[in-house]
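# Fold and geometry: a report
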Amino acid sequence: MRLRLLPLLCLAPLAHAALIVTAVEGDVRQGNTSVTALRTLDGAEAIQLAAGATLRIADTARARSGLWTGPATLQLAASGPRRSDGADARERTALPAALRQALERAPDNLAKVATLGDDLPSRVISARLKRAQQQYLQWRKQFARDDVAPELYLLDVQLAARDGLGLQATLAEMVRRQPRNTELARLSAHLVALNLPMAPQRGAEVEVVPYSER
């Protein structure tokens, strides 16, 4: 039975976000629903941007991020977001592979953060975390202040490593950049409430060593 089911499991499609909002300011709506940061978009209805509104969309399928400004009507076509008047995005930023993959996992990652408990290690020592921090700082310089795509990349690595204090710091930074984002504020408060020790204690520090170095 297991041998017959295995091919079916291997053929199951991988669900991921193609369009994710990384920042929004002003009145932006899809139908009767306000568009908020960190939600995924579908092409069911056009997006309406009021005058002065801005919307940043990471298009992971096409490896690019764009800034859209209102007043405008935005269609989510198969070829990517397009204004109804034919105008292109005001700004475009390339999404490197590691950042694109982290953005695809972002909705699931944020849901996982909400389930973390006080068994989370407070501090993780890992060469990969150090490299991710360096990469994050480089990408941070390339993205707008309110665009949290770089933070979503760092959170992706920290969550995989279960780096408690690192996750706390990254969520706090995301809240600082998007102070009106109630979902980020909720997740940040959840991690703070875990009361992780600020200094390593017995059982509170984990060292992750690459297999090649063992």
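A quick note: this is a predicted structure, and the numbers were derived from the prediction, not measured.

Judged by pairing direction, the sheet is antiparallel, and its 4 strands sit side by side in the order S1-S5-S6-S9 without closing on themselves. Edge strands, defined here as strands with exactly one partner in the open sheet, are strand S1 (19-25) and strand S9 (91-94). On average, each strand axis in the sheet is inclined to that of its neighbour by 20 degrees, with strand direction left out of account. Bridge count between S1 and strand S5 (residues 54-59): 6 bridges; the pairing is antiparallel. Across the sheet, residue glutamate 25 finds its bridge partner in S5, namely threonine 54.

This part is about the environment of alanine 144. Counting through the fold element by element, alanine 144 comes out in the loop between helix H3 (127-140) and helix H4 (149-161). With a relative accessible area of 23%, alanine 144 lands in the partly exposed category. Residues alanine 144 and alanine 23, spaced 121 residues apart in sequence, show a C-alpha to C-alpha distance of 9.2 Å.

The next subject is the nonpolar core. Counting 36 residues, the largest nonpolar core has Leu38, Leu99, Leu103, Tyr153 and Met174 as the members making the most contacts within it. Counting only elements with at least two residues in this core, the list comes to helix H2 (97-113), H3, H4, helix H5 (164-177) and helix H6 (182-193). Considering every element that reaches this core, the biggest residue donor is H4, with 7 residues. Sequence-distant contacts of leucine 99, that is, excluding residues within four places in its chain, are made with Trp139, Phe143, Ala149, Pro150 and Tyr153.

Viewed as axis vectors pointing N to C, H4 and H5 meet at an angle of 160 degrees, and their least axial separation amounts to 9 Å. Compared by their axis directions, H4 and H5 come out roughly antiparallel. Two packed elements cross with a definite hand, and for H4 against H5 that hand is left-handed. Residues Glu151, Leu152, Leu154, Leu155, Gln158 and Leu159 of H4 lie in contact with H5, whose contacting residues are Gly166, Leu167, Thr170, Leu171, Glu173, Met174 and Arg177. In the contact of H4 with H5, the residues fall into 7 nonpolar, 3 polar and 3 charged.

On to the pattern of salt bridges, then. A complete count under the given rule lists 11 salt bridges for this structure. Across the pair arginine 62 and aspartate 59 runs a salt bridge whose closest N-O atoms are separated by 2.5 Å. Using a relative accessible area of 31% as the deciding quantity, one classes arginine 62 as partly exposed. By relative accessible area, aspartate 59 is classed as buried at 3%. We note a salt bridge from arginine 176 to glutamate 173, for which the minimum N-O separation is 2.7 Å. One end of the pair, arginine 176, and the other, glutamate 173, are both in helix H5, 3 residues apart, so they sit about a helical turn from each other. On the basis of relative accessible area, glutamate 173 is assigned to the buried category, the value being 19%.

Calculation notes
Residues numbered from 1 in each chain as written. Predicted model: local features only at pLDDT ≥ 70, side-chain atom pairs only at ≥ 80, totals over all residues. Heavy atoms only, no water. Pairing = 2+ DSSP bridges. Helix = DSSP H or I, 4+ residues; strand = E, 2+ residues; numbered from the N terminus. Axes fitted to C-alpha atoms, helices over the stretch in contact; angles between N-to-C directions. Buried < 20%, exposed > 50% of the residue type's maximum accessible area, 1.4 Å probe, protein only. Core = buried A, V, L, I, M, F, W, Y, C linked by side-chain atoms within 4.5 Å. Contact = heavy atoms within 4.5 Å. Parallel < 35°, antiparallel > 145°, perpendicular 65-115°, else oblique. Left-handed = near helix turned anticlockwise from the far one by under 90°. Nonpolar A, V, L, I, M, F, W, Y, C, P; charged D, E, K, R; others polar. Salt bridge = Lys/Arg side-chain N within 4 Å of Asp/Glu carboxyl O.

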